[in-house]
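What follows is the residue order along each chain.
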Amino acid sequence: MENYAIDNKNVKITLLALGCSKNLIDCENMSTVLKDAGYSVINDVPASDIVVINTCGFIESAKKEAIDAILECAEYKVPNGNVKKIIVSGCLSQRYPEDILKELPEVDAVLGTAHYGDIVDVVAKLVSEIDEAESDKINLTSGIGGFSHLVKDRELSTSGYAWLKIGEGCRHRCSFCAIPLIRGTFVSRPMEDIVEEAGIIAHKGVKELVLAAQDTTNYGIDLYGRRSLSELLRKLSAIDGIEMIRVMYGYMDGITPDLIEEMANNPKVAHYLDIPVQHGSDKILKAMYRRDNAELITSRLEMIRKAMPDCIIRTTVMVGFPGETEEDFQIMKENLRKWKFDRLGCFIFSPEEGTPAYDLPGQIDDETKQRRYDEIYELQKEISAEQSKKRIGTVTRVNICSVSDDGIFYVGRSYGESPEVDPVIYVASSEEELNIGEFVDVKIVDCSDEYDLTAVTI
Ligand code: SF4
């Protein structure tokens, strides 16, 4: 295979993005620099020479998904298939580099969260050894996090919207969470870099920005000595072509009057918040090392809804935390009935090495965890349906993202639907043809059981 040495375009690479939006952004960046280096980035594992698996690794289910993906790609490795080299990057590599290289011999290189920027050199090295039977494994996992790999003009894998990373890592130390071990403490990305990248994204015709970090409400404290998310929203909303800016992954104590005022008065900022509260019992919130309690959550929700009555609020909770009694669980359900989140994601506690909760006494049995998980979902179905029905008859602007499989409806999202995690709006447009990525005015006319909404153009 002599032409590898001379022509990168003959080297076909597939990148798989597992886990969260931050991982997707890192994958888009790696894909962009590999293409700039002349490699052929395709989306076809069996036809690839090299596969890069950008992994998640913060809880058991994510680790399992990553290992399954690695083993699946390994099935296409020579001599059975075309794949010659496998690179594992991201959070699983950051946490378990030696284990991966020892227990998964098909893996040729592991790249930690501070080494996405080395992807071109690593690929070049692996390509130079592609004909050799034996070659040294590559382990680049020193250091943690950072932004050095972020290119301003990254190639987007999403359509009609773009994720925008504003920070990395987390300064909180929730007792169940491994993310600070993997991504380090919170580091804000310089505002001018974020605004410059947003300008380039707007220039591509993308109208919706979705801000991502482990805790977006923390933005600026480390870099500017003060919470600066409001200022960033003002700067981003000044960019021509941007119509909607969405704030994801907030922390309740970071939802300040200043931020709410900016969100309420800035026409480009979606009246949407994603604020994981994790639990509803003060005893469990304390054991989780969470900084907020039920009273604070209640008062912040009241403040948000007073300033933005139409605000759609998503949250995440966890069941089965060590020591969670039936009483704690009932307290959480009571508070969820009161707080009426529009959307909710639920996790089952998974003991993570290196976290304080890993070997706490009072670990809950799997059956009880699963029963509580199911109960939360049953409860939330009622609440979400009730909340969605309140929007029937209202008028809103929808970002048209695609056409339904049956071709009858356009599929879109308004300020109230975040990409990838929320329901959608099916839009009927009798009069005119609609363009993907454009915003149109609609009237919401119905709501399905899965809380998808139906609307007509107006
Ligand atoms: S806020 Fe807590 S749960 Fe969220 S990433 Fe930080 S440490 Fe983990």
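Residues numbered from 1 in each chain as written. Predicted model: local features only at pLDDT ≥ 70, side-chain atom pairs only at ≥ 80, totals over all residues. Heavy atoms only, no water.

**Student:** Got a minute to help me understand the site of the ligand in this structure?
**Tutor:** With respect to spatial proximity, the complete set of residues near the ligand consists of Cys170, His172, Cys174, Phe176, Cys177, Ile179, Pro180, Tyr251 and Arg290. Grouping the constituent residues of the shell around the ligand by class yields seven nonpolar, one polar and one charged. (Near = heavy atom within 4 Å. Nonpolar A, V, L, I, M, F, W, Y, C, P; charged D, E, K, R; others polar.)

**Student:** Would you take a moment to explain the nonpolar core for this structure?
**Tutor:** Among soluble globular proteins, nonpolar side chains are generally buried collectively. In terms of nonpolar packing, the biggest core is built from 52 residues, with Leu211, Leu232, Leu233, Leu236, Ile304, Leu336 and Ile376 touching the most fellow members. Looking at this core element by element, the count peaks at five residues for helix H7 (residues 191–203). Each residue touching Leu232, except ones within four places of it in the same chain, is listed here: Ile166, Met191, Ile194, Val195, Leu211 and Tyr219. Residues Ile50, Ala109, Leu111 and Val122 belong to the second largest nonpolar core, which totals 20 residues. (Core = buried A, V, L, I, M, F, W, Y, C linked by side-chain atoms within 4.5 Å. Buried < 20%, exposed > 50% of the residue type's maximum accessible area, 1.4 Å probe, protein only. Helix = DSSP H or I, 4+ residues; strand = E, 2+ residues; numbered from the N terminus. Contact = heavy atoms within 4.5 Å.)

**Student:** Help me out: how do you make sense of helix H14 (residues 366–389) in this one?
**Tutor:** Think of an α-helix as turning once every 3.6 residues; residues three or four places apart then point the same way. In a regular helix each residue adds 1.5 Å, so 24 residues correspond to 34 Å; H14 covers 35 Å between its end C-alpha atoms and thus fits that length. Of all the residues in H14, the buried ones are Thr368, Lys369, Arg372, Ile376, Leu379, Gln380, Ile383, Ser384, Ala385, Gln387 and Ser388. For H14, the elements touching its buried residues are strand S13 (312–319), helix H13 (326–339), strand S14 (343–348), strand S18 (439–447) and strand S19 (453–457). (Expected span 1.5 Å × (residues − 1).)

**Student:** Sorry, what's going on with the packing of aromatic side chains here?
**Tutor:** For any pair of aromatic rings, the description rests on two quantities: the centre-to-centre distance and the angle between the ring planes. Taken as a whole, this structure holds seven aromatic pairs when the rule is applied. Between Trp339 and Phe341, the aromatic rings sit 6.1 Å apart at their centres with planes inclined by 70 degrees, giving edge-to-face as the arrangement. Like Phe341, Trp339 is buried. Taking 6.0 Å as the distance between ring centres and 65 degrees as the angle between the ring planes, the aromatic pair formed by Phe409 and Tyr426 counts as edge-to-face. (Phe/Tyr/Trp six-rings, centres within 6.5 Å; stacked < 30°, edge-to-face > 60°.)

**Student:** Where do I start with the sheet that holds strand S15 (residues 395–403) in this structure?
**Tutor:** Hydrogen bonds between backbone atoms are what pair the strands of a sheet, whose relative direction is either parallel or antiparallel. Taken in spatial order, the five strands line up as S15-S16-S17-S19-S18 and close into a barrel, and their pairing is mixed. Across the sheet, the axes of successive neighbouring strands diverge by a mean angle of 50 degrees, strand direction being ignored. Summarising the sheet, S18 and S19 pair through five bridges and their orientation is antiparallel. Of the residues in S19, the one forming a bridge with Val442 is Thr457. (Pairing = 2+ DSSP bridges. Axes fitted to C-alpha atoms, helices over the stretch in contact; angles between N-to-C directions.)

**Student:** Please explain the sheet that holds S13 as it appears in this structure.
**Tutor:** Spatial strand order, S7-S10-S11-S12-S13-S14: six strands in an open sheet with parallel pairing. With one partner strand each, in any of the chains shown, strand S7 (162–165) and S14 form the two edges of the open sheet. On average, each strand axis in the sheet is inclined to that of its neighbour by 20 degrees, with strand direction left out of account. Sheet topology places strand S11 (residues 244–247) next to strand S12 (residues 269–274); two bridges connect them, and they run parallel. Pairing of Val247 across the sheet is with Leu273, part of S12. Contacting S13 and S14, H13 crosses the sheet at an angle of about 175 degrees to S13. Seen against the sheet, H14 touches S13 and S14 and runs at an angle of roughly 180 degrees to S14.

**Student:** Would you mind showing me how to read the packing of helix H1 (residues 21–36) against helix H5 (residues 119–128) here?
**Tutor:** The axes of two packed helices give the description: the angle between them and the distance between them. Running from amino to carboxyl end, H1 crosses H5 at an angle of 55 degrees, the nearest separation of the two axes being 9 Å. In terms of their interaxial angle, H1 and H5 are classed as oblique. As H1 runs across H5, the sense of the crossing is right-handed. Together, Met30, Val33 and Leu34 of H1 and Ile119, Val120 and Val123 of H5 make up the contact between the two elements. (Parallel < 35°, antiparallel > 145°, perpendicular 65-115°, else oblique. Left-handed = near helix turned anticlockwise from the far one by under 90°.)

**Student:** Is there a simple way to think about helix H10 (residues 257–265) in this case?
**Tutor:** Burial in H10 covers these residues: Leu259, Ile260, Glu262 and Met263. For H10, the angular spread of buried residues about the axis comes to 160 degrees, placing them on one side. What points out from H10, more than 90 degrees from its buried face, is the exposed set Pro257 and Asn265. Structurally, H10 contributes buried residues whose contacts are with helix H9 (229–237), S12 and helix H12 (294–307). (Arc of directions from axis to C-beta.)

**Student:** Honestly, the pattern of salt bridges in this entry has me stumped. Any pointers?
**Tutor:** A side chain with one charge can pair with a side chain of the opposite charge if their charged atoms come near. Inspection of every chain in the model, using the stated rule, returns 44 salt bridges. The shortest N-O distance in the salt bridge between Glu168 and Lys165 comes to 2.8 Å. A salt bridge links Glu334 to Arg337; its shortest N-O distance comes to 2.7 Å. Taken together, the positions of Glu334 and Arg337, both in helix H13 and three residues apart, correspond to about one turn of that helix. Accessibility expressed as a relative area gives 47% for Glu334, which makes it partly exposed. If you follow the salt bridges from partner to partner, you end up with Glu324, Glu326, Lys333, Arg371, Arg372 and Glu375 in one network. (Salt bridge = Lys/Arg side-chain N within 4 Å of Asp/Glu carboxyl O.)

The values are spatial; any link to function lies outside them.
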